[in-house]
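Working through the structure, step by step
Now for the letters of each chain:
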Amino acid sequence: MKNRTKIPNMFLIIILVIMYLPILVIIVYSFNASKISTVWEGVSLRWYQELFRDRSMMEAVRNSLILAGLSCINAAIIGTMAAVGMMRISWKSKGMIAYFSTIPIMIPEIILGMVFMVFFSFLGLPFGMVTLVLAHTAFCIPYVFTMVRSRLIGMDVSLEEAARDLGAGEIKVFFTITLPLIAPAIVSGMLLSFAMSFDDVVISIFVTGATTNTLPVKIYTQMKNGVSPEINALSTIMLLGTILVIGGSEVIRRKR
Amino acid sequence: MKGIKKNRAWLLVIPFYFYTIIFVILPLAYMILLSFLRRAEIWGVTKEFTLDNYKNIFEPVYLNTFVESLKLALLCTTFIVFLGYPFGYFMAKLSEKWKNRVVTLLMIPFWTSALIRMYGWIIIFRSNGLMDRFFMAIHLTEKPLRLLYTYPAVVVGMIYALLPFMILSVYSSVEKLDWSLIEAARDLGASSVHAFFTITLKLTMPGLLSGIVLTFIPSMGLFFVADILGGNKIVLVGNLIQEQLMKARNWPFAAALSVVLTILTSLILTLYRKVAKVRELEGLF
């Protein structure tokens, strides 16, 4: 019996190790004193210091946080309202609109980026934070919408009906019954939206202006024209953030 | 009472309709229109109707790019199936405690920026980098392999970026599997291999197929992987669209390329829906 579980476990371990290899390499090299990544010159915090002194980098971090924050809030509002509303209307067009709304996450990102770029310049919108938020909101809405909708479909309608029969108004029913029940779906939709927006490079490259850099766009341009080990330091910090968020949500999930 | 409820609910969907029409349907329609217009001499487009942009795609250079992209996507997807399916399957069979641990372990690379993870591979693949030195140290090769900016490096990068999608879709469908069916088959004398191919594989097909869709479609458009790990040597449809848009400034041609890629994508999705007989992609939500 023991031998039979050994091969699967080995397989899982090997794949996980390979998955973590590039990440570990980045963390280790972020403490490398040398500027060249092939040479190891001892442990140093030099790149962390340079990172925090790099104003354009810090601005890119700020832009990315604003962008991801705004896009996921927009998506949460529009997507949740739509998922709740769609359950209560019987328009013929609703299936079609729901289908079209998911196109942004179905087609390759490059097409979405291209489409927004030509469309925004057709509209004459100035490229920058506004175009970024508009584009990112478009691909964040489907995440929230789909998650909230599938939660609503699995929900017990009799709770809402009971509250209404007891005389609660529509708005009251929504805030006291429906909202608490769909809140987990909204939160996970928002988290996913935030991560997707914060991480996006393909769409952002097309719709960003000359002066607004998001973090992934900045990293991408640096990677193409010779990198500074600052990127290692930055990546390590971002990784730490990711681990904290995932660890945190795990802890919350287990407490329930 | 019901009448009132219905009357007000439309207010909730208005922003969604508005956003979908203005920022999804209209831009897509504009892309299609643009693909039939002639490019202006210096800047922008003329109002002249033409099919030249589509004819252009059949030029050997561009057609070749499409074929190469499909080949790479196919190659990567094949690797991902053979790595991701067993992983998802074995993972679903772990004890509850270990299952949760592995899910968490998968989440960290999954949520880490794809760009950053690619950068780790640059350090590994670079000539005289970690991999070269490791291979030379164990005397596997005498000279540095110089893997960075080669085709295999791009393949590794793509597999690496997309493998989690396959693992998670397979995992979620193996999780739902009714194991008593396999036990019954085994009791009736089926070998474990036979039981796997006739029952398990069939029942987890939706997960496998959705994993294939989730890896095949993005792998045609992930131009930055080819850019970063392949240098300028490997040109995929994604790179071609980007180049036409940003450098050549031939927007109608870029639009035509995108239309063809979109059609290709919808064909794959339609095929998926027909074969898997479901509408939503498994494991995505």
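Residues numbered from 1 in each chain as written. Chains lettered and ligands numbered in written order. Predicted model: local features only at pLDDT ≥ 70, side-chain atom pairs only at ≥ 80, totals over all residues. Heavy atoms only, no water.

1. Topic: the pattern of salt bridges
Residues and elements named next belong to chain B. Tallied over the entire structure, the rule returns 8 salt bridges over all chains. With a closest N to O distance of 3.3 Å, Glu68 and Lys71 form a salt bridge. In this pair, Glu68 and Lys71 are both assigned in helix H3 (residues 60-92), 3 residues apart and thus about one turn of the helix distant. Given a relative accessible area of 27%, Glu68 falls into the partly exposed group. Looking at Lys71, the relative accessible area reads 49%, which means it is partly exposed. Ionic pairing is found between Glu175 and Lys99, a salt bridge with its closest N-O pair at 2.8 Å. With Glu175 in helix H7 (residues 151-175) and Lys99 in helix H4 (residues 96-111), the pair connects residues that are 76 residues apart, well separated along the chain. Within this structure, Arg38, Glu48, Asp52 and Lys55 form a network of salt bridges that share partners. (Salt bridge = Lys/Arg side-chain N within 4 Å of Asp/Glu carboxyl O. Helix = DSSP H or I, 4+ residues; strand = E, 2+ residues; numbered from the N terminus. Buried < 20%, exposed > 50% of the residue type's maximum accessible area, 1.4 Å probe, protein only.)

2. Some points on the interface of chain A and chain B
Counting from both sides, the interface comprises 89 residues of chain A and, opposite them, 89 residues of chain B. By the criterion of area lost to chain B, the three top residues of chain A are Met19(A), Met106(A) and Met223(A), representing 8% of everything that side buries. Applying the counting rule to chain A against chain B returns 0 salt bridges. Where chain A touches chain B, the interface holds 7 residue pairs in polar contact (both at pLDDT 80 or more). Across the side of chain A that touches chain B, the residue classes break down as 65 nonpolar, 13 polar and 11 charged. (Contact = heavy atoms within 4.5 Å. Buried area = accessible area lost by both parts, 1.4 Å probe. Polar contact = N/O pair within 3.5 Å; in protein donor to acceptor, adjacent residues only side chain to side chain. Nonpolar A, V, L, I, M, F, W, Y, C, P; charged D, E, K, R; others polar.)

3. A closer look at the nonpolar core
Ranked by size, the top nonpolar core spans 167 residues in total, and within it Met19(A), Met114(A), Phe116(A), Leu215(A), Phe87(B), Phe224(B) and Leu229(B) carry the most contacts. By residue number, the principal contributor to this core is H7(B), which donates 15 residues. (Core = buried A, V, L, I, M, F, W, Y, C linked by side-chain atoms within 4.5 Å.)

4. Points about helix H2 (residues 46-53) of chain A
If you check which residues of H2(A) are buried, you get Trp47(A), Tyr48(A) and Leu51(A). Buried residues of H2(A) fall within an arc of 100 degrees about the axis and therefore sit on the same side. (Arc of directions from axis to C-beta.)

Structural measurements only, silent on function.
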